[in-house]
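Listed below are the residues making up each chain.
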Amino acid sequence: MNIHEYQAKELLSKYGVAIQRGIVADTPDKATAAAKELQAETGSKWFVVKSQIHAGGRGKGTIQETGSRGVVLAKGVDEVHDKAKAILGGTLVTLQTGPAGKKVNKVLIAEDVYYPGESEPKEYYLSILLDRAKARPVIMASTEGGMNIEEVAASHPEKIIKEWIDPAVGMLPFQARKIAFAMGWEGNANKEGVRFLQALYHAYMAVDASMFEINPVLRTSDNRIIAVDGKVNLDDNALFRHKELAEMRDITEEDPLEVEAGKSGLNYVKLDGNVGCMVNGAGLAMATMDIIKLSGGEPANFLDVGGGASAETVEAGFRIILKDPNVKAILINIFGGIVRCDRVASGVVEAYKKVGNIPVPIIVRLQGTNAEEGAKIIRESGLRVHSAILLKEAAARIKEVLG
């Protein structure tokens, strides 16, 4: 589960990670009030107005309606209102959102941390994620922080520092110092950097995160180390242990069909193809999408209805798939191991009748226990449903209905 930057910073601060302070607002007037409050607390004269969406590249992104960037600088309280107005309610398009963009409902008004001092402020990159190959968290850091970290990783991979952490013992002090020295932090910056790293790792483990990304981490002109941005991804499978974190979910940032599928207990991911698929099991779903592509089609979704594949889940799957206007056919591919194929076939027929008029052809491929009985139920249903037992039969049917 992704959360917004302002939520991520609140979470990091709770665990002792130094952050760029800010206040979230959803109207231009509230944004101005937030700037005045920050000025009273921090003495900041300039402010950063940052759009809050679940996507990166906001600083380079553009608001379609106004032409404003997704992250802008307000040189004084008086500018905050108009800067926020140009962002709020607009559609922000970045490399990660695609051309459709995302609507901005909130902005974060943040203090200016790039003030002049004894040295020039410098940006760094820092993240923690799970290295599945080594079965342990890895800290990735770079002296080349900022908006172009993807280019650094592609063209200069040697500038990416990696340190693996044994989860049984946690981050040891020498590992934090090793990263701090590799980042070039000296004096007070080194001490603050070590504390920053230790607090960040503690937060990562405490909230069952799957990823932390801080880009940039800033060494200020007076040698403080703070998080200027924050991207946090929480492990969905651990949210039952963190009810307060689950409440941070913003469904307006998610695909409506994926939200609806989740309420029905379905695993659904929307894709851009023309053949909807409904399968029981993630591995079989991947194989089914391969079959669709080999048959000349393109998968319109990933949909795993689980082991039971009851009439209720099949009906919910039908309704979700049919809300995608690009779908020209539906392939149901069920392996009858936990559930018998004849019961699945009856469920498909029952669900079809409940949904009503389905304007696209449906191919049902059943294999496993009572597969032949299931195929017979499909054939004798009198509905616009094609039966198949072998994968090659299903592939042939797809070619046939797509023309």
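Residues numbered from 1 in each chain as written. Predicted model: local features only at pLDDT ≥ 70, side-chain atom pairs only at ≥ 80, totals over all residues. Heavy atoms only, no water.

A. Up close: the packing of helix 5 (residues 173–182) against helix 6 (residues 188–206). Two elements in contact, helix 5 and helix 6, have axes whose closest approach is 9 Å; the angle formed by their N-to-C orientations is 125°. In terms of orientation, helix 5 lies oblique with respect to helix 6. Crossing of helix 5 against helix 6: the hand is right-handed. For the pair helix 5 and helix 6, contact is made by Pro 173, Ala 176, Arg 177, Ile 179, Ala 180 and Phe 181 and by Asn 190, Val 194, Leu 197 and Gln 198, respectively. Tallied by class, residues from the contact of helix 5 with helix 6 come to seven nonpolar, two polar and one charged. (Axes fitted to C-alpha atoms, helices over the stretch in contact; angles between N-to-C directions. Helix = DSSP H or I, 4+ residues; strand = E, 2+ residues; numbered from the N terminus. Parallel < 35°, antiparallel > 145°, perpendicular 65-115°, else oblique. Left-handed = near helix turned anticlockwise from the far one by under 90°. Contact = heavy atoms within 4.5 Å. Nonpolar A, V, L, I, M, F, W, Y, C, P; charged D, E, K, R; others polar.)

B. Broad picture of the state of the cysteines. Following the criterion strictly, the structure yields zero disulfides and no others. Summary of cysteine pairing: Cys 277 is not part of a disulfide, and the nearest cysteine sulfur, belonging to Cys 341, is at 18 Å. (Disulfide = S-S within 2.5 Å.)

C. Up close: the sheet that holds strand 7 (residues 107–111). Taken in spatial order, the four strands make up an open sheet running 1-7-2-4, and their pairing is antiparallel. The open sheet is flanked by strand 1 (22–25) and strand 4 (71–74), the only strands paired with a single partner. Averaged over all pairs of adjacent strands, the angle between their axes in this sheet comes to 25°, without regard to strand direction. As paired strands, strand 1 and strand 7 are joined by four bridges and run antiparallel to one another. Opposite Ala 25, over in strand 7, you have Val 107 as the bridge partner. The strands touched by helix 1 (residues 5–14) within the sheet are strand 1, strand 2 (47–51) and strand 7, with strand 7 carrying the most contacts at an inclination of about 50°. (Pairing = 2+ DSSP bridges.)

D. Structural view of the layout of surface pockets. Taken as a whole, the second largest pocket encloses approximately 570 Å³ of empty space. With five residues, helix 8 (residues 256–263) is the largest single contributor of residues to the lining of the second largest pocket. Taken together, the residues of the lining of the second largest pocket break down into eight nonpolar, five polar and eight charged. (1 Å grid on protein atoms, 1.4 Å probe; cavity = no way out; pocket = protein on both sides within 12 Å on 5 of 7 lines; lining within 4 Å. Points joined across faces, edges and corners; volume = space filled by probe spheres on them.)

E. Fine view of the sheet that holds strand 5 (residues 91–93). Strands sit in the order 3-5-6 across an open sheet of three strands; the sheet is antiparallel. At either end of the open sheet lies a strand with only one pairing partner, and these are strand 3 (62–63) and strand 6 (102–103). The sheet contact formed by strand 5 and strand 6 spans two bridges and is antiparallel. Within strand 6, the residue paired with Leu 92 across the bridge is Lys 102.

F. Fine view of the packing of aromatic side chains. In total, this model carries three aromatic pairs according to the counting rule given. Taking 5.4 Å as the distance between ring centres and 80° as the angle between the ring planes, the aromatic pair formed by Tyr 124 and Trp 185 counts as edge-to-face. Taken together, the residues Tyr 124 in strand 8 (residues 122–131) and Trp 185 in the loop between helix 5 and helix 6 connect sequence positions 61 residues apart. When its relative accessible area of 1% is taken as the criterion, Tyr 124 is described as buried. We classify Trp 185 as buried; its relative accessible area is 1%. Put simply, the rings of Tyr 201, Tyr 204 and Phe 212 touch in pairs and so form one group of aromatic residues. (Phe/Tyr/Trp six-rings, centres within 6.5 Å; stacked < 30°, edge-to-face > 60°. Buried < 20%, exposed > 50% of the residue type's maximum accessible area, 1.4 Å probe, protein only.)

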